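Breakdown of the fold
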Amino acid sequence: GGELDTESNVQFGEGGAGTFSDGKLTSRSKDPRGRFVLELFSRLARDESILYKKKPHVGTDALRKVLVMLRKELEEMGAEFHFRTRFEGFSRAGDKFNVETSKGNIKGDYIVLAPGHSARDTFEYLEKANMAMESKPFAVGFRIESDQKTIDENQYGDMCGHLPAADYQVSAQIEGRGVYSFCMCPGGKVVASQSEEHTIVTNGMSYKARDGKNANAAILVTIDESVYGEGVMAGVEFQRMIEKKAYDMSGSYKAPTQSVARYLGKEEEDTVAPTYLPGTYAADLHGLYPKALDSTLTEGLRQIGEYFPALVEGAILTAPETRSSSPVRLTRDRESLESLRHENIYPAGEGAGYAGGIVSSAIDGMRIAEKIIEKEKDHVRH
């Protein structure tokens with residue numbers, strides 16, 4: 001029907017945004033817990049390649065099923081899941097917490113805050129509750145879609161056609177700011193990822209087969225307080241401003257697009273067909289970001305195109321990509337992992353500012369679980 005459900009969408013469904021982002025299981029972490037995470041996904045997905053591929057991925061279509069299986073296993077162990085139940089704050093009730101939700105209160109000894117990077121209302125509740133928080137740098141830009149066959153030919157040469165859809169990683173330095181690719185999805189799609197009304201947000205994903213006609217990736221530039229200003233929620237407000245601006249360009253949920261050639265001031269050339277739904281429209285993307293950021297993105301794309309022309313030839317940009325990582329960090333003690341101002345509250349994962357993907361978020365959650373178990377054992381001993 002074309003209406004956005006702000007209570008249940010790509011950002012807030014089962015598994016969060018990662019469900020609709022290819023199910024990448026790559027991580028720079030050397031933590032041995034990462035092996036447990038890979039073994040878990042390998043078992044549930046029935047895919048041994050997860051254990052030996054350099055860049056394992058589950059695929060959005062498979063991950064949707066894997067996460068349901070994981071939930072059912074946890075439910076058999078006694079876990080409860082409350083869907084369409086919004087967190088609205090917390091208070092102390094004696095030596096227990098009283099967690100307030102849109103469907104009543106839940107009591108507990110500990111709170112693990114794993115809100116995801118787009119839980120803006122949660123960040124607002126926590127700021128009012130005097131939670132220790134700070135803004136943090138993140139990145140913004142576009143999604144770039146290129147012809148996957150052209151990428152394959154560039155990356156594989158004579159072996160093209162005998163190997164899986166190729167990926168890539170590119171970057172450029174422009175006056176101290178890095179422009180780089182992120183979340184590259186071979187044979188994938190650009191998807192709508194907004195969670196607030198009258199905004200446009202893009203993301204990328206691939207199915208397990210990675211057999212789509214287009215390759216896509218985010219082309220991003222990192223920003224900090226020098227761009228969005230001071231204040232815990234300043235980064236969130238910057239995201240909102242860009243997302244609303246993109247929506248206002250057409251007054252609909254169609255996303256603005258522009259060929260890379262035209263964005264770089266060259267003559268128009270044949271472009272790949274954008275995959276974003278519910279649709280796109282032609283726009284001048286130079287008017288979306290502040291001038292300094294736009295200039296950096298423009299020069300970065302130009303430089304990348306010089307050494308990797310396969311990426312930009314016939315490519316198209318879809319905007320905006322604003323949710324690359326959390327704009328907020330819930331600060332915690334390095335040793336206990338508890339919030340700096342609230343005992344027995346544990347900020348966790350990507351939305352809390354301590355991870356950058358499925359595997360690193362899972363590792364962070366495991367570390368916190370271990371801390372809570374240690375604390376419970378201490379209580380028993382004393």
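Here's what I pulled together on the structure shown here. (Residues numbered from 1 in each chain as written. Predicted model: local features only at pLDDT ≥ 70, side-chain atom pairs only at ≥ 80, totals over all residues. Heavy atoms only, no water.)

1. Looking at the packing of aromatic side chains
Counting across every chain of the model gives 9 aromatic pairs. A ring pair is formed by Phe90 and Phe97, whose centres lie 6.2 Å apart and whose planes are at 75°; its orientation type is edge-to-face. Per residue, the accessibility class of Phe90 equals that of Phe97, and both read buried. A ring pair is formed by Tyr168 and Phe308, whose centres lie 5.6 Å apart and whose planes are at 65°; its orientation type is edge-to-face. Separated by 140 residues along the polypeptide, Tyr168 in the loop between helix H4 (148-156) and strand E7 (171-174) and Phe308 in the loop between helix H8 (291-307) and helix H9 (309-312) bring together distant segments of the chain. Taken together, the aromatic side chains of Phe142, Tyr263 and Tyr289 make up a single cluster linked through ring pairs. The ring of Phe97 has Arg92 sitting right over it, with the charged end atom 4.2 Å from the ring centre. Taking the ring centre of Tyr354 as reference, the NZ or CZ of Arg332 above it sits at 3.7 Å. (Phe/Tyr/Trp six-rings, centres within 6.5 Å; stacked < 30°, edge-to-face > 60°. Buried < 20%, exposed > 50% of the residue type's maximum accessible area, 1.4 Å probe, protein only. Helix = DSSP H or I, 4+ residues; strand = E, 2+ residues; numbered from the N terminus. Lys NZ or Arg CZ within 6 Å of the ring centre and 35° of its normal.)

2. Structural notes on the packing of helix H1 (residues 33-45) against helix H10 (residues 358-381)
Packing of H1 against H10 leaves a shortest axis separation of 9 Å and a crossing angle of 115°. Helix-helix and strand crossings are classified by hand; for H1 and H10 the assignment is right-handed. In this structure, H1 contributes Arg33, Gly34, Phe36, Val37, Leu38 and Phe41 to the contact, and H10 contributes Ile358, Val359, Ala362, Ile363, Met366, Arg367 and Glu370. Across the contact of H1 with H10, the residue classes tally to 9 nonpolar, 1 polar and 3 charged. (Axes fitted to C-alpha atoms, helices over the stretch in contact; angles between N-to-C directions. Left-handed = near helix turned anticlockwise from the far one by under 90°. Contact = heavy atoms within 4.5 Å. Nonpolar A, V, L, I, M, F, W, Y, C, P; charged D, E, K, R; others polar.)

3. Focus: the side chain of Ser118
Within the secondary structure layout, Ser118 lies in the loop between strand E4 (111-113) and helix H3 (120-128). Among the residues examined, Ser118 registers a relative accessible area of 4% and is labelled buried. There is a polar contact of 2.9 Å between the side chain of Ser118 and the side chain of His117. (Polar contact = N/O pair within 3.5 Å; in protein donor to acceptor, adjacent residues only side chain to side chain.)

4. Comments concerning the side chain of Thr298
Mapped onto the fold, Thr298 is located in helix H8. For Thr298, the side chain forms a polar contact with the side chain of Tyr263, separated by 3.1 Å. Once you skip the residues sitting within four places of it in the chain, Thr298 turns out to touch Tyr263, Leu264 and His286.

5. Remarks on the sheet that holds strand E8 (residues 177-185)
On the basis of which strands lie adjacent, the open sheet formed by 7 strands has the order E7-E8-E11-E6-E14-E12-E13 and mixed pairing. Each edge of the open sheet carries a strand with a single partner, namely E7 and strand E13 (280-282). This sheet shows a mean twist of 30° between the axes of neighbouring strands, independent of strand direction. Looking at chain direction, E8 and strand E11 (residues 214-223) are connected through 5 bridges and run antiparallel. By the bridge assignment, Ser181 is partnered in E11 with Ile219. The strands that H4 touches are strand E6 (138-147) and E11; relative to E6, the one it contacts most, it runs at about 90°. Along the sheet, helix H6 (residues 234-248) makes contact with E6, E11, strand E12 (255-259), E13 and strand E14 (316-321), crossing E6 at roughly 40°. (Pairing = 2+ DSSP bridges.)

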